[in-house]
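One letter stands for each residue in the lines below.
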Amino acid sequence: MDLIEELEKLEPGLATGLAVAETDEELETLRIEFLGRKGRLANIMSRLVSLSPEERPKVGQIANRVKERCQKLFATRKAELDALKERDELARFDPSMPGRDFWEGTLHPVTLITEEICDIFIRLGYNIASGPEVEIDRFNFEALNIPPDHPARDMHDTLYISDTVLLRTHTSPVQARTMLAKQPPLAVIAPGKVYRRDSDLTHTPMFHQIEGLRVGANITMGDLRGTLLYMAREVFGRKTKIRFRPSYFPFTEPSAEADISCAVCQGAGELGGETCRVCKGTGWVEILGCGMVDPAVYEAAGYPPDSTGFAFGLGVERIAMLKYGINDLRLFFENDIRFLKQFGRLI
Ligand code: DAH
């Protein structure tokens, strides 16, 4: 058969194949068969050398045209198949199907309480303050009237990095740092992580505190009490009561621990005839330590000795447990999604 005849058969042959090809794979098989490097067209081209020099360009031209037309056939069929596929997908699309829910995150209860308490103090005119978690002895202890041999250091279970560098054991060093940076009057609220060498059912090596400090003119223990009562009622409800028990902290004098009426049994000490497990029947739960800033702290900060002010520090996990009725501290750190998603929505 002469080469021209063979060439002219290629196009109808391809058209027949393409008419029944339905997938990209089938198209590719045909392309290899007809236009591939070892395909039918290539085979014909390789035999051009057997022609006379006059015939060769003529047949060559025909071969090129056949090649172009074959390529066009491929393109047309491919476009047709793509259009069909799209129509098929559209036919399967059901606009009446309900949309897929997307995962809405929730804020961790420690974050929720921290934000709630900070917001309360911001409304009272306080500013947010912060300090480093890797702290120096001077701010964690000395400037807070806890010199090197002070027995209060034993209470802190400190994690030391070197003799003078440590992980802060409380947020109180932010008091010392704030007083060095600012002159009175000032009112700051300082949330943050604190660390202690302590780990059991009711203690974790890292937990959260919020520190408050207010220094100004003629500030009294009555101001402290009123401020804390306001906060307690905002967090736990309008009927909440507060009481101070005398206590000791090196950086306050006088010092107190503040209790609130138990949020679970409303201060009754019992619930449905049984002793309340949260307050153990006392009707009160401890929520924080506080007091009037000790003159030794003013002295370390270079403040006048007749400055007046109060400070307090509270544990965030403890407040969250009381407010949300959480009975196991470990839940805060396991991050079980079933626990976390019970709290406020992230907006
Ligand atoms: N820093 C104390 C602690 O971690 C808590 C505390 C008590 C902070 C009394 C205060 C305060 O500011 O006045 O145990």
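Note that the coordinates shown come from a computational prediction; the quantities given were computed from them, not determined experimentally.

(A) Structural context of the domain arrangement of the chain. Under the domain assignment used here, the chain contains domain 1 (3-92) and domain 2 (109-340). Taken over C-alpha atoms, the centre of domain 1 sits 82 Å from the centre of domain 2.

(B) Examining the site of the ligand more closely. Within the structure, the ligand sits among 15 residues, and His170, Ser172, Arg196, Gln209 and Glu211 are positioned closest to it. Between a nitrogen atom of the ligand and a side-chain N or O atom of serine 172, the distance comes to 2.9 Å. With the chains in place, 91% of the 360 Å² that the ligand exposes on its own is no longer accessible. Only β5 (206-216), β10 (284-293) and β11 (308-315) provide two or more residues apiece to the shell around the ligand. Classifying every residue of the shell around the ligand gives five nonpolar, eight polar and two charged.

(C) Layout of a negative patch on the surface. Residues Asp2, Glu5, Glu8, Glu54 and Glu55 make up a contiguous surface patch of negative charge. For glutamate 5, the location among the structural elements is in helix α1 (residues 3-20). Relative accessible area serves as the criterion here: at 43%, glutamate 5 is assigned to the partly exposed category.

(D) Looking closely at the state of the cysteines. Tallied over the entire structure, the rule returns zero disulfides. Just so you know, cysteine 276 is unpaired, no disulfide at all, and the nearest cysteine sulfur is the one on cysteine 279, 3.7 Å from it. Not engaged in a disulfide, the cysteine cysteine 279 finds its nearest cysteine sulfur in cysteine 265; these two sulfurs lie 3.6 Å apart. Given a relative accessible area of 4%, cysteine 279 falls into the buried group.

(E) Summary view of unusual backbone geometry. The omega torsion across proline 184 and proline 185 is 5°, close enough to zero to call that bond cis. Position of proline 185 among the secondary structure elements: in the loop between α7 (173-181) and β4 (186-195). Cis geometry is found at the peptide bond from glutamate 253 to proline 254, where omega equals -5°. Locating proline 254 in the fold gives a position in strand β7 (residues 252-261).

Cut-off values and rules
- Residues numbered from 1 in each chain as written.
- Predicted model: local features only at pLDDT ≥ 70, side-chain atom pairs only at ≥ 80, totals over all residues.
- Heavy atoms only, no water.
- Domains from an automatic or database assignment.
- Near = heavy atom within 4 Å.
- Polar contact = N/O pair within 3.5 Å; in protein donor to acceptor, adjacent residues only side chain to side chain.
- Areas by Shrake-Rupley, 256 points an atom, 1.4 Å probe, with all protein chains shown as cover.
- Helix = DSSP H or I, 4+ residues; strand = E, 2+ residues; numbered from the N terminus.
- Nonpolar A, V, L, I, M, F, W, Y, C, P; charged D, E, K, R; others polar.
- Patch = residues over 30% accessible without salt bridge, like charges linked within 9 Å, V, L, I, M, F, W, Y side chains within 5 Å.
- Salt bridge = Lys/Arg side-chain N within 4 Å of Asp/Glu carboxyl O.
- Lys, Arg positive; Asp, Glu negative; His and termini not counted.
- Charge placed at Lys NZ, Arg CZ, Asp CG, Glu CD.
- Buried < 20%, exposed > 50% of the residue type's maximum accessible area, 1.4 Å probe, protein only.
- Disulfide = S-S within 2.5 Å.

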